[in-house]
Amino acid sequence: MATTVMTAMMARRTIQMASLNMGITQRRISPRRRHDGLSYATVTATSACLDDNSHVNVLKDDLKNIEKIRNIGIMAHIDAGKTTTTERMLFYSGLTRTVGEVHDGDTVMDYMEQERQRGITITSAAITFPWRSYRLNLVDTPGHVDFTMEVERSLRVLDGAVAVFDASAGVEAQSLTVWQQAERYNVPRIAYLNKMDKTTANFAMCEQQIKEKLGAEPLLIQHPIGEGKTLKGIVDLINMKKLIWENPSKDHGLKYLATPLTPEADGQLWKHCDLARSELTEKLADMDNEVAEYVLEEESTEGAPPQLLVEALHRVTRDQLGVPVLLGSSYKNIGVQPLMDAVLQFLPSPIERHRPQVDLYAPNFCALAFKIIHDKQRGGILTFIRIYSGTLEQGKYLTRINK
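Along each chain, numbering runs from 1 in the same order as the chain's sequence is written. The predicted nature of this model means local features are confined to residues of pLDDT at least 70 and side-chain atom pairs, given and counted, to a pLDDT of 80 or more, with totals for whole chains, interfaces and linings taken over all residues. Only hydrogens and water are set aside when side-chain values are computed; all heavy atoms of the structure are taken into account.

The name given to the chain in an unreviewed UniProt entry is Tr-type G domain-containing protein, with Meganyctiphanes norvegica as the source organism.

## Quick notes on the overall build of the chain
Of the regular secondary structure elements, the chain holds twelve helices and 22 strands. A simple rule labels every residue: compare its accessible area, found with a 1.4 Å probe on the protein chains alone, to the largest value its type can have, and call it buried under 20%, exposed over 50%, or partly exposed in between. Counting all 403 residues of the chain, 56% fall into the buried class. Residue pairs at least 24 apart in sequence account for 70% of intrachain contacts in the chain once pairs closer than 6 positions are excluded. Strands here are runs of E lasting at least two residues and helices are runs of H or I lasting at least four, both read from the DSSP assignment and numbered beginning at the N terminus. By the convention used here, residues are in contact when the closest approach between their heavy atoms is within 4.5 Å.

## Focus on the nonpolar core
Core analysis: the largest hydrophobic core is formed by 47 residues, its most contacted members being Met89, Phe129, Val162, Ile190, Leu284, Leu313 and Phe346. Top element by residues in this core is helix α12 (residues 336-346). It accounts for seven residues. Ignoring anything within four residues of it in the chain, the contact list for Ile190 reads Ala161, Val162, Ala163, Thr317, Val323, Pro324, Leu326, Leu339, Ala342, Val343, Phe346 and Leu347. If you look at the next biggest cluster of nonpolar residues, it comprises 40 residues, including Val139, Val151, Tyr256 and Leu327. Working definition of a nonpolar core: buried Ala, Val, Leu, Ile, Met, Phe, Trp, Tyr and Cys residues. They are joined through side-chain atoms within 4.5 Å.

## Considerations on the pattern of salt bridges
Throughout this description, the term salt bridge denotes a Lys or Arg side-chain nitrogen within 4 Å of a carboxyl oxygen of Asp or Glu. Scanning the entire structure with this criterion turns up 14 salt bridges. The closest approach of N and O atoms between Asp341 and Arg132, which form a salt bridge, is 2.5 Å. Here Asp341 is found in helix α12, whereas its partner Arg132 is found in the loop between β9 (125-131) and β10 (134-140), with 209 residues between them in sequence. Accessibility classification places Asp341 together with Arg132 in one group, the buried group. A salt bridge links Arg315 to Asp288; the shortest N-O distance between them is 2.7 Å. Placement of Arg315 in helix α11 (residues 306-318) and of Asp288 in the loop between α9 (268-285) and α10 (289-298) is noted, with a sequence separation of 27 residues between them. Accessibility expressed as a relative area gives 7% for Asp288, which makes it buried. Residues joined in a network through salt bridges with shared partners are Asp159, Arg355 and Arg386.

## A short note on the sheet that holds strand β12 (residues 189-194)
Overall, mixed pairing links the seven strands, which are arranged β9-β10-β8-β11-β12-β18-β13 in an open sheet. Two strands close off the open sheet at either side, each with one partner strand: β9 and β13 (218-220). Across the sheet, the mean angle from the axis of one strand to that of its neighbour is 30°, orientation sign disregarded. Any two strands with at least two DSSP-identified bridges between them are counted as paired. Sheet analysis places β9 next to β10, joined by seven bridges and oriented antiparallel. Within the sheet, the bridge partner assigned to Thr128 lies in β10 and is Asn137. Note on method: axes are straight lines fitted to C-alpha atoms, helices fitted across the in-contact stretch only, with angles between N-to-C directions ranging 0 to 180 degrees.

## What about the sheet that holds strand β14 (residues 222-225)?
The strands that make up a sheet are held in pairs by hydrogen bonds between backbone atoms, and each pair lies either parallel or antiparallel. In space, the four strands of this open sheet follow the order β14-β15-β16-β17, with antiparallel pairing throughout. At either end of the open sheet lies a strand with only one pairing partner, and these are β14 and β17 (257-260). The average undirected angle you get between the axes of adjacent strands in this sheet is 25°. Where strand β16 (residues 241-244) lies against β17, four bridges are found, and the strand directions are antiparallel.

## Points about the pairing of strand β18 (residues 323-327)
Counting buried positions along β18 gives five out of five residues, so the element sits mostly inside the fold. Alternating residues of β18 divide into Val323, Val325 and Leu327 and Pro324 and Leu326, and every residue in both groups is buried. Pairing geometry for β12 and β18, over three bridges, is parallel. Directly across from Ala191, in β18, lies its bridge partner Val325. Bridge analysis of β13 against β18 gives three bridges, and the strand direction is parallel. The residue of β18 that forms the bridge with Leu219 is Pro324.

## A look at the packing of α9 against α10
Running from N to C, α9 and α10 cross one another at 120°; their axes reach a closest spacing of 7 Å. Between α9, through Thr281, Leu284 and Ala285, and α10, the contact on the second element is made entirely by Val291, Ala292 and Val295.

Written as structure tokens, this is what we have:
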């Protein structure tokens, strides 16, 4: 077995060159990295967390609570809106001060000159940002078939993924490809129907295609408020709340209004959503024992406690029995914050993703190098690694076991 020295720079890289050049955040590099996370540069930034308490979370330099880490990826067919969605996430988390746009060539994630000129993602890019006291390590993957290997090498190190679909096109060719790649590595997924502001958007069609073409069981947890150009918000079916973005173009969707959905004030919308919530509960009862017990005891699928549904959706998603489906329009700044909340609620943490091969080495250092790039500014060859156990320190000797 060959023994090599991996530099600290190689172990600390998941940041984009564009982020550094823009001078958006203050970054502090630590020489030690704990287990169960993607290797990354530590970011000090505030989260623009927009819950009812309007609290602000700060990303701290510690990994003691592994349950509050999410290693996720964004995957989709080309032009479904992956990078646009990611740029909104970075803005709402407080990591960036402005919203990058693909057509303007100023995004953080598409940092290569070729990507900005063509308006497409060519290479997978990773970044770390905070959200509601959680740490999200996110990988934005290409959607073009020519760069599908970038998706392949990224998915194998993720604990969960967000599959983005164009709501007017449904399941497209590359959507099927990346979905099958995620199946190969047993990656739990949630679905996000983007571009709901299009006049041809049809979430019922997308739901049907997810079931027929992907062989997955869609679990619709949101309902649109308005259609096409009149889209102004979504209904949270779990909590039966209306989420309205009143001035999404003015403040980039930073603020939204959450109000209860009532039969008196909302009439037909309430009827549709109440029926959809009952159907969601019924589907979950077929997949989750705790929901099944509730339905049997109450002899009804109505009025299930929100926390019961959230916990059931987490288990169902983790075990890949169903796929939560969310709605929105990232370009119009509608629906991204609830998507970020769904990542925390439904996708698993690193400790929930058991990998038998890691047991052979734990608690010693065990990691997988999944990507290598050349960057003159950062010292030449840089290696992206996923650390599964142990600690990596500067100057530490590592053994490459698969040579």
